[in-house]
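Understanding the architecture of this molecule
So the chains spell out like this:
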Amino acid sequence: MRADPSQAEPHDVLIHVCVTCRRADDDADAPRPGARLHRALADALPAGMALRPVECLGNCRRSCTVAVSAPGCWTYVFGDLVAESGTEVLAAAALLAGSTDGLMPWRGRPEPFKRGMIARIPPLLDHKEAAE
Ligand code: FES
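Below, the structure is looked at part by part. (Residues numbered from 1 in each chain as written. Predicted model: local features only at pLDDT ≥ 70, side-chain atom pairs only at ≥ 80, totals over all residues. Heavy atoms only, no water.)

On to the overall build of the protein. In terms of helices and strands, the protein carries four helices and five strands. Ordered by position from N to C terminus, the α and β elements of the protein give β-α-β-β-β-α-α-β-α. Here the C-alpha radius of gyration of the protein, 16 Å, is about what a compact globule of 132 residues would show, namely 14 Å. Scored against the burial criterion, the 132 residues of the protein give a buried share of 37%. Partitioning the intrachain contacts of the protein with sequence separation of at least 6 by distance along the chain shows that 66% fall at a separation of at least 24. When the accessible area of the protein is evaluated, it comes to approximately 8200 Å², of which 53% is carbon and sulfur surface. (Helix = DSSP H or I, 4+ residues; strand = E, 2+ residues; numbered from the N terminus. Rg over C-alpha atoms; globule rule 2.2 N^0.38 Å. Buried < 20%, exposed > 50% of the residue type's maximum accessible area, 1.4 Å probe, protein only. Contact = heavy atoms within 4.5 Å. Areas by Shrake-Rupley, 256 points an atom, 1.4 Å probe, with all protein chains shown as cover.)

Right, here's the structure in full:
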């Protein structure tokens, strides 16, 4: 019997935040916006979500940058965020947590997550699965 995807448990979501992101006009001595975004997320992280700081996601020209992933789901990289984007990051992560097809739904995405998508990356498969 096939499982009903609408009855699926929420996915655990991992949020990577680039803590070294900053813009060219940012004060070099001030805390970096990416680090401030990471700190804000750490203070508000709900159950079922994990947070991991990283140094550079290869999107430096469109910082701040986050990557949102979950087992069996596509990974999404978003840019053009700011230190105050924590609420939107968590809303987007919740959409992926509730996904029934492994994709982050467009409907309901916070605006920065519609225009700030840098890439989406397919779920990781092992070589045997990929060859099928
Ligand atoms: S420094 Fe943040 S993406 Fe490169």
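A separate point is the packing of aromatic side chains. Per the stated rule, a full pass over the model turns up two aromatic pairs. Summarising the aromatic geometry, the rings of Tyr76 and Phe78 are spaced 6.1 Å apart at their centres and angled 10° between planes, so their arrangement reads as stacked. One exposure class covers both Tyr76 and Phe78, and it is buried. Residue Phe78 is classed as buried on the basis of its relative accessible area, which comes to 0%. Taken together, the aromatic side chains of Tyr76, Phe78 and Phe113 make up a single cluster linked through ring pairs. Lying across the ring of Trp74, Arg120 places its NZ or CZ 4.4 Å from the centre. (Phe/Tyr/Trp six-rings, centres within 6.5 Å; stacked < 30°, edge-to-face > 60°. Lys NZ or Arg CZ within 6 Å of the ring centre and 35° of its normal.)

So, on to the nonpolar core. Counting residues in each nonpolar core, the largest one holds 26 residues, and the members touching the most others are Val13, Ile15, Leu41, Val66, Val89 and Met104. Looking at this core, the elements with two or more residues in it are strand S1 (13-18), helix H1 (33-44), strand S2 (49-54), strand S3 (66-69), strand S4 (75-78) and helix H2 (86-97). Among the elements that line this core, the one with the most residues is H2, at seven residues. Setting aside anything within four residues of it in sequence, one finds Leu41 in contact with Ile15, Val17, Leu51, Gly86, Val89 and Leu90. (Core = buried A, V, L, I, M, F, W, Y, C linked by side-chain atoms within 4.5 Å.)

Here we take up the pairing of S3. Covered by surrounding structure in S3 are Val66 and Val68 together with Ala67 and Ser69, the residues of both alternating faces. The sheet contact formed by S1 and S3 spans four bridges and is antiparallel. By the bridge assignment, Leu14 is partnered in S3 with Ser69. In this sheet, S4 lies alongside S3 in antiparallel orientation, the contact comprising three bridges. Paired with Ala67 across the strands is Val77, a residue of S4. Hairpin remark: S3 followed by S4, antiparallel, with five residues in the connecting loop; positive phi at Gly72, about 75°. (Pairing = 2+ DSSP bridges.)

Keep in mind that these numbers describe shape and distance, not what the molecule does.
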